[in-house]
Each structure stands twice: as C-alpha cells, then as structure tokens.
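Residue-level listing of the chains:
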Amino acid sequence: MANTWGYGAMTNSLNDIAFSKAIIIFGANPAVNHPVGFRHFLKARENGAVMITIDPRYTHTAAKSDYFAQIRPGTDIAFIYGMLHIIFKNGWQDKEFINNRVYDMESIEKEALKWTPEVVEDVTGVKKETLLKITEVYAKNRPGTLIWAMGLTQHTIGTSNTRLAPILQLALGNAGKSGGGCNILRGHDNVQGASDVGCLSENLPGYYALNETSWRHYANVWKVDYEWLVSRFVSKEMMHKSGFTLSRWWAGVLDGKNGNDKIHNANTSLKALVVMGNGITSTAQQVKVQEGLDNLELLVITDPFVNEAAVITNKKDNIFILPAATQYECSGTVVATNRSAQWRFKAIEPMYESKPDEYFLFELAKKLGFYDEYVRSLGDGKGNFQWPEDATRELTNGLKSIGYTGWTPERIKNHTLHWDKFDKKTLKGFDECKGEYYGLPWPCWTTKHPGTPNLYDITKSVMDGGTGFRNNFGLEHNGISQLAIDGPIGSPINKGYPQITKDNIEEILGITLTDEEKEKMGKSWSTDTSNIIAEKCMEKGIAPYGNARARVRAWNFPDEIPIHREPLHSRRHDLAKKYPSYEDKIDHYRVDTKYKSVQLAKDYSKEFPINLITGRLVNLNGAGMENRASHFLARLTPEMFCDINPNLAKKYGIKDGDMMKISSPEGTWIKVKARFTYAVNEVSVHLPFHFTGVMQGVDMSKNYPTGTRPYAIGESANTVTNYGYDIFCQIPETKGGLCRIEKA
C-alpha cells in the first residue's frame, strides 16, 4: 500500500510464517538482525518449510538454510528474472491468479526470456544449477513467503528490487495468502510507525502526496486554516515539493560548493539541523556528513545518549545536546513491522533533566509562534489535552489512506494488556478480544473492524480482514481494465470495483444517503474525516479503497517494469556498459544526483577491485550509540574490524588481526583490523556499520562531553561506502560499492 524509504509495508506477519511451505530471503540476515523474530523461521522449518537465502555473504541465516546462493552485490533483479524465466518455461506460474488479479504479467514474461540460467550465472555469479534447484524448490512448495531487508533496498535500483520481488510472488500466486506475501524486516522498533506518521520528506502523514488536496485534508484534520498553512511556505511550489532526504541532507547545507552537487531550495541553503533519535552516522558518505555538520549555523540533538553527529564534526559552537527521555520514560503507540500497533506504557517518569520528545517539539512550536495551531486538534483545541491519547486520536482522524481509523487508544491498550488472548499464529483474538486481530494491523477501517492480518487476502470477508488490491491508478490503462475479476468472499460485489467516493458510493453500494450524511461526508474515503464512507462500506462488505489488479507495469516509475542496471561502481565494467544506470537526475529531492556519468566515467574495478559489503551485528544496532555505551555489549566487539577471506588477505600480505587500509573511489579511507572468515568470498570484504568516533585516522573522542565516551569507538564503514542513490526514493547504495585494500 505504501513504500517507505525503499522498504515497503509487510503484507503478513512474522507469526504467519508458521503457515509457509517455503521461505526465500533476499538481502536479510534475521538470525543476527532479528534474533527473536527468527524463531518463527526456525519453527516453520521444524514444520517442514524449506528455507533459501540469497546473499553476497554466507550469514548465520544462510547457515540455517537448506539452500544458499552467494550472489554478486547489486544483481538481485537478474537473479529473480532468472527464477521467473524457469517458472514461465515450466508453466509453474499461477495462471488463474494472474488472469484474475494481475495487470500486464506479459511484459515480465517477455523480459524474463532474456534471463536464461547461463546469462544469470554470468551476471550474478550464481551457478545455473543452483538457480534451477532453488527455483524448483520454491515454486513447488507453496505458499512461499519472501523476506527482504536493506540488502535488497540499498542500491540505485533498490525500488526496482522491491518491485520485482513482489512480482515473483504474484507470478506464483503467493500474494494475499496465509504463509505467503512479502515480509519486509524493519531495522528498529517503530520504523513502520515513524514512516506512517510522515517522517519522510516526500509526503504527509499516511503517505499522502504533497498536493493541494492532501494539504486541505490535513488543514481539516489539524483544524487550521488552509491559507495559514500556505503562508508558512515561501511559495506554493515549495509547499508541494519533496524535501531533502536523510541520505543527502548535507548536500542542502553545502549548496553545490567545492564540487558538491547543486541544490534546488528556493535559492537558499540549509542553516540548521535538528536531530531527534536518529543515528545519522549510519548513513552513507560520512566525510560528506561531517562536511555538512561543519558548515551548519546551528546543530541541535535530542537523544538519550550522545548522538555522534555532535562528535564527528569540527564545529566548535552552536551545538546543543538536549537530554531526551528513553522509551521507558514515555508512553504511546508503537507500530510493529507487520503494521500492528501496541501501546507502550510509561515505566518511570523521565529521570534527571531528560524530557520526552513532545516537550522539545511543543517548546519549539512556541518559540516559532505557532503553538496554538500546533495543538488545535488536540483535546478542547485550547491547549487542554491528554497526551499521548489525543495525539493518537488525531492520527486516526487523519491517516485514512492506510486505515488508522480503528486505532483508538482504548482498543490498542486493551490488546497490549491482553496479549495472551490472541492466537500466536493467526493473531486472532478470543475471550474478551474475540473477533479482532492482535494490534489491529492496518488497514483497520472503523472502530468495529478487526484489522487486516494479511494484506490482499480475498479468502476472508472484508469485515474479517479481507481485501483486494487497492485501486489507485485509474480504471484502465492502454484500454485494459485495472479492476480485478474476483474479490473478497461474502461481498455483494464479487468482482473489481473502484475506490469509493462521495460521487459513486450510492451507485456502487446500492444505497441512498440522507442529506445530513451527504453534508458531513468528505469527497473520498481517504479524506472523509466523518468516516461515513468507510462505515457504509463495512456494512456492505466493501473495501473503501476498491478492488483492483496488482500492476506489474508502473507507468509512473523511471522503469515501467523493473530491469537490471549495474551498480554505479561495478567489478564488471563490461556489464556496466551493457546494463547502464539512469541518466543523471536534476532536482532529485532538491539535489542534482549523478548516475550514468559516474558509472561510465571509468572502469573502477582496475583501482578498486573488491566488493564492499556492509551489515549489522547482533550486539549492536544502527549507529550503535547506545550499544557501544554498554560495557557488556562493547566487550563482544570492542573495536571496528573487516571480515576478509584468508585467500584474499594472503594476496595482500595481510594476516588475521593485522591493521588494513580500505579506500573508496571517493578518495576516502579507513584503517581497521582484519578478521579472517570464509563467510565472504575472495573478491569481497564485509564491514559492520555501527562504529564511529574515528574519521580517517583522526580520533574525535575529545568531542564527547565528559563521562559520555562509549566503551568502543572506531572508523565508520560509511566513510568508505560509495556515492550512489536510488532513482526513486534516494536510499543510498551501501550494498553495492567497491573498495581497494592494502596492509596498513
């Protein structure tokens, strides 16, 4: 239903993996990154499910798998097309599912013809025999679930990767099935919730586009005048323009100077940065991050631990570190990777001088002069409200697009307090929670709707969590209907239908509205704050967002169907010329972004012949700020290191435990300790991305306030990750770069 910085929303749940007959994992290592959730994978295996891992590195997850393919970084599309080639050739596709619920699979079949096992072997490095076996096993054990994480997303073609993976599921009929679906593993607690509520620069909360209709909707939700909102922007054009991304905020500061990419920001650069609970040291190109920090006029950080953005900068003044409360000192909703909500209850009051996040935001709004407008939709609208319950109610009133409406604080608290009253596999409640799914996974259309455990499942009625695919891109394309042939059981409309609006609701539902209902009703289900449209739909067993075909051809994307494009820095320059990247993109999230001009400038493999892979460690998390501040966790990995194959190390005279220098095409470098392992092949190295505090040999630990230096610091892997950003969402290409190694 929504893309979230290149990941996507999980269609099923970790619990639902119990019903899987096959599990295929692309670019994820749940045994390490999600060790609690990985128990569901192991239970499925105990029940007979086959598990397959596709990864450039032999991971702990691969060690628990039945099949493993060691793929060349950045070639997932080639591998999946290879699978589709074999599936179509053998007639293993689900023809009925495709005919009834998919648009233009023919284009995918045509593209797949090019990707014979021999071609796939040349591009991906995976033996054709391995591809054939994996495809057969996955195709013949259905339902199969498809798992991915940042290993699939962090590429210049990350969005295409996350389109073709679901297309594989559509081809096999694994979509909308218990035990099937696409299950994307979030990296942190509440990442899904953060993206749901608008922590992205290209949309408003609920993934509403930055257009006048959406802004007017939120003016209504927030109870402020639309023209007042317009007045907050330098122009209406900028009001509708995507902002800078987390990946490249620093470009907005540097403003094209010193060879940096040009920006398009109403003729001004960024002057201030406020960081709230985000480890920006875990993003790519740390030297550029440092340069951006150094050139800010103001840096404000709110965090329970010292955010190392304040440490790696050479800036000497106007840096403020504000003590934020931890999750134990505040309350409110958190959203799990499967789209379900839980209520986090406050354990203790904030300690010492720490304050919850909303305190800082309220104070900032007061200083900027719009506090009254900021809280107008809360409580009585005059500053008297219950926090965070009223904030949750504001969200449920606004986030119609993904179905937050049923998420009242009372319902969510009841689920959290009675979590033992739900089936551990289906999530369905019993006793006092009967008829609801745990956490009310969205869409939860009304306060009587049970939530949607598995997206796009038409074997359930709408009032039992069933849905078809959303109708969001018109009723036809190239003269072909975009509406599905069949739909959720128990529906009076057992075929496709458009999304429900004020204009068509009476005709489609076969009802007559009262004048009062028409007066209250919004124009569309997604902007109807009265929620009359959704309630009428539930009475009829109709999903408000329609029932359409899943489109494998997306005419609003740079590539209408996914195609393989080599990483910007590829070991195979011959393939970079054969499968080139995109044309350079002007004004991409307000900054010019290079693609083909970088990729084809030279054969990087001559100077930088080693694949650079980054990943996570089980004892650390993200930027590692809080984890490295733990004496016990830091003891497990007290210093930064590089995983290197002993045979590769031997070529460079590097011994286990030696210091080695790693250099990038950007001219940056780090020195780290070599750690021998056969988990990486002889043309790759692997770096954990949790360290910082040392920048290209310079110890920055003097910048930690007294008593706050972590037990472990080190060079950042992201100092040497390469330039490269996804063409659609601008996620960085940290999983497909090159480097040069030598003994330090």
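Residues numbered from 1 in each chain as written. Predicted model: local features only at pLDDT ≥ 70, side-chain atom pairs only at ≥ 80, totals over all residues. Heavy atoms only, no water.

1. With respect to the UniProt feature "domain: Molybdopterin dinucleotide-binding" (unreviewed entry) in the protein chain
The cut-off we apply is this: UniProt positions are given in the numbering used here, feature names are shortened, and annotations may be inferred rather than shown by experiment. In DSSP terms, a helix is any run of H or I states spanning at least four residues, a strand is any run of E spanning at least two, and both are numbered starting from the N terminus.
In the numbering used here, UniProt assigns the "domain: Molybdopterin dinucleotide-binding" (unreviewed entry) feature to residues 611-736. In this annotation, residues 611-736 is assigned 10% helix and 27% strand; the end-to-end C-alpha distance for the span is 7 Å.

2. Examining the sheet that holds strand β24 (residues 693-695)
Applied cut-off: Two strands are counted as paired when DSSP detects at least two bridges linking them.
Pairing is mixed across the open sheet formed by 3 strands, whose spatial order is β25-β24-β26. At either margin of the open sheet sits one strand with a lone partner, and together these are β25 (698-699) and β26 (714-715). Where β24 meets β25, 2 bridges bridge the pair, whose relative direction is antiparallel. Within β25, the residue paired with M695 across the bridge is V698.

3. Here we look at the packing of aromatic side chains
Note the following rule: Centres within 6.5 Å make a pair out of two Phe, Tyr or Trp rings, where for Trp the six-membered ring is used; the pair is then stacked when the planes are under 30 degrees apart, edge-to-face when over 60, and tilted otherwise. The criterion for a charge sitting over a ring is simple: Lys NZ or Arg CZ within 6 Å of the ring centre, and within 35 degrees of the ring normal.
As enumerated under the stated definition, the model contains 26 aromatic pairs in all. Measuring from ring centre to ring centre gives 5.3 Å for F362 and W387, while their planes differ by 80°; the resulting arrangement is edge-to-face. Taken together, the residues span a long stretch of sequence, with F362 in helix α17 (residues 357-368) and W387 in the loop between α18 (371-374) and α19 (389-398) at a distance of 25 residues. Members of the aromatic cluster, each reached through a chain of ring pairs, are W228, F362, F370, Y371, Y374, F385 and W387. Of note, R339 hangs over the ring of W442, and the distance from its end group to the ring centre comes to 5.7 Å.

4. Comments concerning the pattern of salt bridges
Applicable threshold: In the sections that follow, a salt bridge refers to a side-chain nitrogen of Lys or Arg positioned within 4 Å of a carboxyl oxygen of Asp or Glu.
Applying the stated criterion across every chain yields a total of 37 salt bridges. With a shortest N-O distance of 2.6 Å, D261 and R248 are connected by a salt bridge. Here the residue D261 occupies a position in the loop between α15 (249-254) and β9 (272-276), and R248 occupies one in the loop between α14 (236-239) and α15, the gap between them amounting to 13 residues. As a salt-bridge pair, E291 and K288 come within 3.5 Å of each other at their nearest N and O atoms. One end of the pair, E291, and the other, K288, are both in helix α16 (residues 286-294), 3 residues apart, so they sit about a helical turn from each other. Three or more residues joined by partner-sharing salt bridges are found here, namely D104, R553 and E560.

5. Examining the nonpolar core
Condition: What we call a nonpolar core is a set of buried Ala, Val, Leu, Ile, Met, Phe, Trp, Tyr and Cys residues that are connected through their side-chain atoms within 4.5 Å. Here's how the labels work: a residue is buried when its accessible area is under 20% of the maximum for its type, exposed when over 50%, partly exposed in between, all with a 1.4 Å probe on protein chains only. These domain boundaries are the output of an automatic or database domain assignment. A contact between two residues is defined here by any heavy atoms of the two lying within 4.5 Å.
Counting 111 residues, the largest nonpolar core has F26, F79, L84, M105 and L293 as its most contacted members. No other element matches the 10 residues that helix α4 (residues 76-90) contributes to this core. Here this core spans two domains, and each of domain 1 (1-184) and domain 2 (583-743) adds at least three residues to it. In contact with M105, not counting residues within four places along its chain, are F88, I98, I167, L170, A171 and V552. Within the second largest apolar cluster, 27 residues are counted, among which are I662, F691, C739 and I741.

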